[in-house]
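Coordinate inspection notes
Given next are the chains, with one letter for each unit.
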Amino acid sequence: MVYCVMEVVVFRRMWPQYLMIMSVVLVLTGSLAACGNQEMSQAGKANAFSNETVAQQVPIAADPAGGLKWDRATYEAKAGDITFVVKNASATPHQFSIEGNGVDYKSPNFNGNTTNTYTVKGLPAGEYLIVCNYPGHRAAGMISKLIVR
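The sections below set out a description of the structure shown in this document.

Here is what the cut-offs are and how they apply
- Residues numbered from 1 in each chain as written.
- Predicted model: local features only at pLDDT ≥ 70, side-chain atom pairs only at ≥ 80, totals over all residues.
- Heavy atoms only, no water.
- Salt bridge = Lys/Arg side-chain N within 4 Å of Asp/Glu carboxyl O.
- Helix = DSSP H or I, 4+ residues; strand = E, 2+ residues; numbered from the N terminus.
- Buried < 20%, exposed > 50% of the residue type's maximum accessible area, 1.4 Å probe, protein only.

1. Remarks on the pattern of salt bridges
If charged atoms from side chains of opposite charge come close, those side chains can pair. Applying the stated criterion across every chain yields a total of 7 salt bridges. Linking R138 and E99 is a salt bridge whose minimum nitrogen-to-oxygen distance equals 3.0 Å. Highlighted residues: R138 in the loop between β7 (126-131) and β8 (143-148) and E99 in strand β4 (residues 97-100), separated in sequence by 39 residues. E99 gets classed as buried once you look at its relative accessible area, which sits at 11%. A salt bridge links K106 to D104; the nearest nitrogen and oxygen atoms lie 3.1 Å apart. Using a relative accessible area of 35% as the deciding quantity, one classes K106 as partly exposed. Ionic contacts of the salt-bridge type, sharing partners, join the residues E99, D104, K106 and R138 into one network.

Here you go:
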């Protein structure tokens, strides 16, 4: 009983200090989390494809038999604005991404038997990857090279 009373007395004396310390910890934790989230949102943020269709169009097709591959190992385009016309004649759902050289464009998943257009504005010259990031497809090898000159 005496032990419990002593704990209450000590707790009452320490309570203001405890509150101040916890307040500082919470403020610092929130500040660090906000900084980390901002950095993460900038570094890991995917670029958005434009809804505009431009003159330079690159046709890309998923394997019509449903295999986890694109119809070509390498695609080529000229630097600048590019509309990718992505055809999926199979019943297998897919996803379309352009990755590399500091860019990361990702489409939503799309169903089979569809054709979608995805435009990148001002893509600089370089080598990129065309990737399907639908679960399991990238690991199965659904990756092609995009050479932009």
